[in-house]
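# Chain and residue survey
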Amino acid sequence: LREITGPVIFISNHQGFADHPSILLSLPSRFRHTTATATWEEFFFEETSNVIKKIWKRFTYEYAIVFLNLFPFPQQKGFRAALRYMGRLVDHGTSILFFPEGRHSRDGAIQSFEQGLGIIVKELRVPVVPIRIVGSNKVLAPGHAIPHRGEVQVIFGKPLIFKQESPREIVQKSRQAIIDLAS
């Protein structure tokens, strides 16, 4: 990461709720404080009749925005507005952390990537830094509220620079770069 001077898109596999803080703590300080993380908007704003769940999600959303620098990223609708927002972030020197699987992996295997990653990378024209996270699903797994002791490993790959690739090629090469980090 030393050779990078401007903002980047960090992409990572997604194992559990400890992924985001583990990655941020592993980043060099010049990125740690200037990285915003895309989070699944519908998770926080899903319709529910459970008032306690609604209040809890709203509280965690507000907390996450302030202390973890998250921003909502829709999976159902509103992609263009989110893309414009990410463009403004990059224009102001902010890097983006993105989990292109779009959901946690239940078994630790890397899932397919959402195709929106290719469009984002093509439009923003910044380097992509692949990250492989291992062990966070044992620390704070999806569906669990209480963390367990364990070790989380964060592995950074070399920056990828895309020029003429199609969005589909960007997605394929980005996913493969994260898979290759296990070798």
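Here goes a summary of the coordinates provided. (Residues numbered from 1 in each chain as written. Predicted model: local features only at pLDDT ≥ 70, side-chain atom pairs only at ≥ 80, totals over all residues. Heavy atoms only, no water.)

### Section: the overall build of the chain
Our working rule: To qualify as a helix, a DSSP run of H or I must reach at least 4 residues; to qualify as a strand, a run of E must reach at least 2; elements of each kind are numbered from the N terminus. Working definition: with a 1.4 Å probe on protein chains only, accessible area under 20% of the residue-type maximum means buried, over 50% means exposed, and in between means partly exposed. Two residues qualify as a contact provided that any one of their heavy atoms is within 4.5 Å of a heavy atom in the partner residue. Only the protein chains shown count as cover for residues, and the accessible areas themselves come from Shrake-Rupley with a 1.4 Å probe.
Of the regular secondary structure elements, the chain holds eight helices and six strands. Along the chain, helices (α) and strands (β) appear in the sequence β-α-α-β-α-α-β-α-β-α-β-α-β-α when read from the amino end. When the 183 residues of the chain are sorted by exposure, 46% land in the buried category. Nonlocal contacts in the chain, meaning residues at least 24 apart in sequence, comprise 74% of its contacts between residues at least 6 apart. Entry remark: accessible area of the chain is about 10,800 Å², with carbon and sulfur atoms responsible for 55%.

### Things to note about the packing of aromatic side chains
Rule in force here: Only centres within 6.5 Å qualify two rings of Phe, Tyr or Trp (six-membered ring in Trp) as a pair; their planes then separate them into stacked at under 30 degrees, edge-to-face at over 60, and tilted for everything else.
Under the defined criterion, the tally for this structure stands at one aromatic pair. Relative to Phe 31, the ring of Phe 10 lies with its centre 5.4 Å away and its plane at 90°, an arrangement referred to as edge-to-face. Note that Phe 10 is positioned in strand β1 (residues 9–12) and Phe 31 in helix α2 (residues 29–32), a separation of 21 residues in sequence.

### So, the packing of helix α5 (residues 79–91) against helix α6 (residues 116–124)
Threshold: Each axis is a line fitted through C-alpha atoms, taken for helices only over the stretch in contact, and angles between the N-to-C directions span 0 to 180 degrees. Here is the rule for angles: anything less than 35 degrees is roughly parallel, anything more than 145 is roughly antiparallel, 65 through 115 is roughly perpendicular, and the remaining ranges are oblique. Crossing handedness: left-handed means the near helix sits turned counterclockwise from the far one by under a right angle, and right-handed means the same turn made clockwise. Three classes are used: nonpolar for Ala, Val, Leu, Ile, Met, Phe, Trp, Tyr, Cys and Pro, charged for Asp, Glu, Lys and Arg, and polar for all others, with Gly counted as polar.
Where α5 contacts α6, the axes come no closer than 10 Å and their chain directions differ by 40°. When the interaxial angle is binned, α5 and α6 end up oblique. Between α5 and α6 the crossing geometry is right-handed. On α6, the residues that touch Phe 79, Leu 83, Met 86, Gly 87 and Val 90 of α5 are Gly 116, Ile 119, Ile 120, Glu 123 and Leu 124. For the contact of α5 with α6, the per-class residue count stands at seven nonpolar, two polar and one charged.

### Focus on the pairing of strand β4 (residues 95–98)
Quick note on the threshold: Note: two strands are recorded as paired if DSSP finds a minimum of 2 bridges between them.
Burial of the side chains of β4 extends over both faces: Ser 95 and Leu 97 are buried on one face and Ile 96 and Phe 98 on the other. Looking at chain direction, β1 and β4 are connected through three bridges and run parallel. Paired with Ile 9 across the strands is Ile 96, a residue of β4.

### Structural notes on the pattern of salt bridges
Oppositely charged side chains may form a pair once their charged atoms are brought near each other. Quick note on the threshold: A side-chain nitrogen of Lys or Arg and a carboxyl oxygen of Asp or Glu constitute a salt bridge if their distance falls within 4 Å.
Evaluated as defined, the whole model comprises one salt bridge. With its nearest N and O atoms 3.7 Å apart, the salt bridge here joins Lys 173 to Glu 165. What makes Glu 165 buried here is its relative accessible area of 17%.

### A closer look at a nonpolar patch on the surface
For clarity, the cut-off: The residues that make up patches have over 30% relative accessible area and no salt bridge, and they are joined within 9 Å when like-charged or within 5 Å when they are Val, Leu, Ile, Met, Phe, Trp or Tyr.
A cluster of nonpolar residues, Trp 56, Phe 59, Tyr 63 and Phe 67, forms a patch on the protein surface that exposes about 520 Å² of accessible area. Residue position: Phe 67 is located in helix α4 (residues 51–68).

### Comments concerning unusual backbone geometry
Its identity is not glycine, yet Arg 125 carries a phi of approximately 50°, on the positive side. Overall, Arg 125 belongs to the exposed group, its relative accessible area being 69%.

### So, the pairing of strand β5 (residues 128–134)
In terms of burial, β5 is largely enclosed, as six of its seven residues are buried. In the sheet, β1 pairs with β5 via four bridges, with the strands oriented parallel. Paired with Ser 12 across the strands is Ile 131, a residue of β5. In this sheet, strand β6 (residues 153–156) lies alongside β5 in antiparallel orientation, the contact comprising four bridges. Paired with Val 134 across the strands is Gln 153, a residue of β6.

### Let's talk about helix α8 (residues 167–180)
Our working definition: Multiplying 1.5 Å by the helix residue count minus one yields the expected span of that helix. An arc is given here, and it is the one of the directions from the helix axis to the C-beta atoms.
Between its first and last C-alpha atoms α8 spans 20 Å; for 14 residues at 1.5 Å apiece the expected length is 20 Å, and the two agree. What α8 keeps buried is the set Ile 170, Val 171, Ser 174, Ala 177 and Ile 178. Along the axis of α8, the buried residues cluster in a sector spanning 130°; they form a single face. For α8, the exposed residues lying more than 90 degrees away from the buried face are Arg 168 and Gln 172. The inward-facing, buried residues of α8 abut β1, α6 and β5.

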